[in-house]
Amino acid sequence: MQFGIFSVGDVTTDPTTGRTPSEAERISAMTQYALKAEEVGLDVFATGEHHNPPFVVSSPTTHLGFIAAQTEKLLLSTSTTLITTNDPVKIAEDYAFLQHLSGGRVDLMMGRGNTGPVYPWFGKDIRDGIKLAVENYHLLRKLWREPVVNWQGQFRTPLQGYTSTPAPLDGTPPFVWHGSIRSTEIAEQAAYYGDGFFHNHIFWNKEHTEQMVRLYRQRFEFYGHGAADQAYVGLGGQAFMASTEAEAKRVFRPYFDNAPVYGHGPSLEDFSQMTPLTVGTPEQVIERTLGFADYVGDYQRQMFLMDHAGLPTSLVLEQIEMLGTEVVPVLRTEFERRRPAHVPSDPPTHASLVAAGPDAPHHLVEPARARVEELQAEQAAQVGA
């Protein structure tokens, strides 16, 4: 099972000191977190993508390429890549280039983005969000899988005889996750292509998360990619730790109370009860996280948000240290103890996809097309009868 951290790259004033880090300091801190993640044995670092204040993460591939040059094992990912406002031609180029730079240590998560004003900045309409996500991702798959692309759609100029460069490393496109909090269409999209589905799992109750993951699993099986419990699921998580629960709450409370996202809303205690946020000891984080599999099933990737709400760099580094040395080793053992033999421990990686060979379903633009056509033929036969 893969474990890691993700960042949204917010620049937030520390409520305990009144100091706001500069953008340069925030970028440097995120880099330090990625390097710390590898040092303490975590598997993945993922960066968000935003194009508006107070965020600094406007160029994920630039940052991930810089991190790749300073790491050896860390898998580099996103949380998320905006499939709606980015041109899929540029996504295809940028992430294939990052594949080559990093030796294949790349996957990425597609998302629509939840900041309305960003859409018109890139010439898009938020009301087309779902349609953009569907059309742009299908084009991206073609760009990564067909040497010459002829294409026409609704939201960008046609392509005629176009070849994306560089081609994916070893002729093998990166594995893709689709991230969604509430859009069932995105869960359906992930299932159709046999891709991974990532549920942020930070702001919603477990019943909602369970419902979204169940839908994805059911449709993954429907499209013929494997049994429902073999589908590739990732979850977000949120934690703050100290030697005692009281100390963890004492330190974290001012950050929670003033956080731009949920500050001045529910109390820390209420929010911790309603969502997976865990503020306590490493043992409490372990117990809470292990419980996620009770309602989503055995899954393959667990990511934690550790650096937000103005938390100082030194404190975040301490949290990553505890996560990697005290929490994750136990989680690895216990999650694998309960996992059935037929359920994959890890999501696909570059190495596993290359080993599967060029005829594997991953290399098809629409691996479920044959299944859909078969179902359509069956329905037509039934109607004819």
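Look above for the structure.
The text that follows walks through the structure, step by step, so that each part is easy to find. (Residues numbered from 1 in each chain as written. Predicted model: local features only at pLDDT ≥ 70, side-chain atom pairs only at ≥ 80, totals over all residues. Heavy atoms only, no water.)

1. Here we look at helix H7 (residues 206-222)
The terminal C-alpha atoms of H7, which comprises 17 residues, lie 24 Å apart, in line with the 24 Å expected from a rise of 1.5 Å per residue. When we look at burial in H7, the residues that qualify are His208, Thr209, Met212, Val213, Tyr216, Arg217 and Phe220. Mapping the buried residues of H7 onto a view down its axis gives an arc of 165°, with all of them on the same face. In this structure, the buried residues of H7 make contact with helix H6 (184-193), strand S9 (196-199), strand S10 (233-235) and helix H11 (292-296). Of the residues trailing H7, Gly224 is marked for its positive phi of about 85°. (Helix = DSSP H or I, 4+ residues; strand = E, 2+ residues; numbered from the N terminus. Expected span 1.5 Å × (residues − 1). Buried < 20%, exposed > 50% of the residue type's maximum accessible area, 1.4 Å probe, protein only. Arc of directions from axis to C-beta. Contact = heavy atoms within 4.5 Å.)

2. Quick look at the pairing of strand S8 (residues 176-179)
Residues Val176 and His178 point to one face of S8 and Trp177 and Gly179 to the other, with burial holding for every one of them. Of the pairings in the sheet, the one linking strand S5 (residues 108-111) to S8 comprises three bridges and is parallel in character. Paired with Met109 across the bridge in S8 is Trp177. Both S8 and S9 contribute to a ladder of three bridges, which runs parallel. Bridge assignment links His178 to a residue of S9, and that residue is Phe197. Regarding the hand of the β-α-β motif, the stretch spanning S8, H6 and S9 is right-handed. (Pairing = 2+ DSSP bridges. Right-handed = clockwise from strand over helix to strand, strands pointing away.)

3. Quick look at the side chain of Thr78
Positionally, Thr78 belongs in strand S3 (residues 75-78). Its relative accessible area of 0% is what places Thr78 among the buried residues. Of the polar contacts made by the side chain of Thr78, one reaches the side chain of Thr81; its length is 2.9 Å. Those residues within four positions of Thr78 in sequence are excluded, and the remaining contacts are Ala46, Thr47, Pro60, Leu64, Tyr95, Asp107, Leu108 and Met109. (Polar contact = N/O pair within 3.5 Å; in protein donor to acceptor, adjacent residues only side chain to side chain.)

4. Structural notes on the nonpolar core
Ile5, Tyr216, Phe252, Tyr299 and Leu323 are the most contacted members of the largest nonpolar core, which totals 102 residues. Among the elements that line this core, the one with the most residues is helix H12 (residues 313-338), at nine residues. Discounting chain neighbours no more than four positions away, the residues touching Leu323 are Ile5, Leu42, Met241, Phe304, Met306, Val328 and Pro329. (Core = buried A, V, L, I, M, F, W, Y, C linked by side-chain atoms within 4.5 Å.)

5. A few points about a nonpolar patch on the surface
Judged by side-chain polarity, Phe203, Trp204 and Val261 come together as a nonpolar surface patch covering roughly 280 Å² of accessible area. For Val261, the position within the fold is in the loop between helix H8 (245-258) and helix H9 (268-274). Classification of Val261 as exposed rests on a relative accessible area of 60%. (Patch = residues over 30% accessible without salt bridge, like charges linked within 9 Å, V, L, I, M, F, W, Y side chains within 5 Å. Areas by Shrake-Rupley, 256 points an atom, 1.4 Å probe, with all protein chains shown as cover. Salt bridge = Lys/Arg side-chain N within 4 Å of Asp/Glu carboxyl O.)

6. A look at the environment of Ile186
With respect to the helices and strands, Ile186 occurs in helix H6. Using a relative accessible area of 6% as the deciding quantity, one classes Ile186 as buried. The spatial distance from the C-alpha of Ile186 to the C-alpha of His199 is 11 Å, given a sequence separation of 13 residues. Among residues more than four places away in sequence, those in contact with Ile186 are Arg112, Ile130, Ala133, His178, Gly179 and Ser180.

7. Observations concerning the pairing of strand S13 (residues 301-305)
Counting buried residues in S13 gives five out of five residues, a clear majority hidden from the surface. Side-chain alternation along S13 places Arg301, Met303 and Leu305 on one buried face and Gln302 and Phe304 on a second face that is also buried. One ladder, built from five bridges, connects strand S1 (residues 2-7) with S13; its direction is parallel. Residue pairing across strands places Phe3 opposite Gln302, the latter belonging to S13. Sheet analysis places S10 next to S13, joined by two bridges and oriented parallel. Bridge assignment links Leu235 to a residue of S13, and that residue is Gln302.

8. Details of empty space enclosed by the protein
A complete count under the given rule lists four cavities of 30 Å³ or more for this structure. Volume-wise, the largest cavity comes out at about 50 Å³. Together, Phe6, Ala46, Ser77, Thr78, Ser79, Met109, Trp177, Phe198, Arg301 and Met303 line the largest cavity. Secondary-structure elements contributing two or more residues to the lining of the largest cavity are S3 and S13. Its residues assigned to classes, the lining of the largest cavity comprises six nonpolar, three polar and one charged. (1 Å grid on protein atoms, 1.4 Å probe; cavity = no way out; pocket = protein on both sides within 12 Å on 5 of 7 lines; lining within 4 Å. Points joined across faces, edges and corners; volume = space filled by probe spheres on them. Nonpolar A, V, L, I, M, F, W, Y, C, P; charged D, E, K, R; others polar.)

9. Remarks on the packing of helix H1 (residues 23-39) against helix H2 (residues 60-68)
One way to put it is that H1 packs onto H2 with a least axis distance of 10 Å and a crossing angle of 45°. In terms of axis orientation, H1 runs oblique to H2. Seen along the crossing, H1 lies across H2 with a hand that is right-handed. Contacts between H1 and H2 involve Ile27, Met30, Thr31 and Ala34 from the first element and His63, Phe66 and Ile67 from the second. Here the residues of the contact of H1 with H2 are counted per class, giving five nonpolar, two polar and no charged. (Axes fitted to C-alpha atoms, helices over the stretch in contact; angles between N-to-C directions. Parallel < 35°, antiparallel > 145°, perpendicular 65-115°, else oblique. Left-handed = near helix turned anticlockwise from the far one by under 90°.)

10. Quick notes on the packing of aromatic side chains
Each aromatic ring pair is summarised here by two numbers: the centre-to-centre distance and the angle between the ring planes. Tallied over the full model, the rule gives 18 aromatic pairs. With 6.4 Å between their ring centres and 65° between their planes, Phe203 and Tyr262 make a pair best called edge-to-face. With Phe203 in the loop between S9 and H7 and Tyr262 in the loop between H8 and H9, this residue pair connects regions lying 59 residues apart in the sequence. On the accessibility criterion, Phe203 (36% relative accessible area) is partly exposed. Arranged with centres 4.6 Å apart and planes meeting at 25°, the rings of Phe256 and Tyr262 form a pair that is stacked. Among the aromatic residues, those joined into a cluster by ring pairs are Phe175, Trp177, Phe197, Tyr216, Phe220 and Tyr232. Of note, Arg219 hangs over the ring of Phe222, and the distance from its end group to the ring centre comes to 4.2 Å. (Phe/Tyr/Trp six-rings, centres within 6.5 Å; stacked < 30°, edge-to-face > 60°. Lys NZ or Arg CZ within 6 Å of the ring centre and 35° of its normal.)

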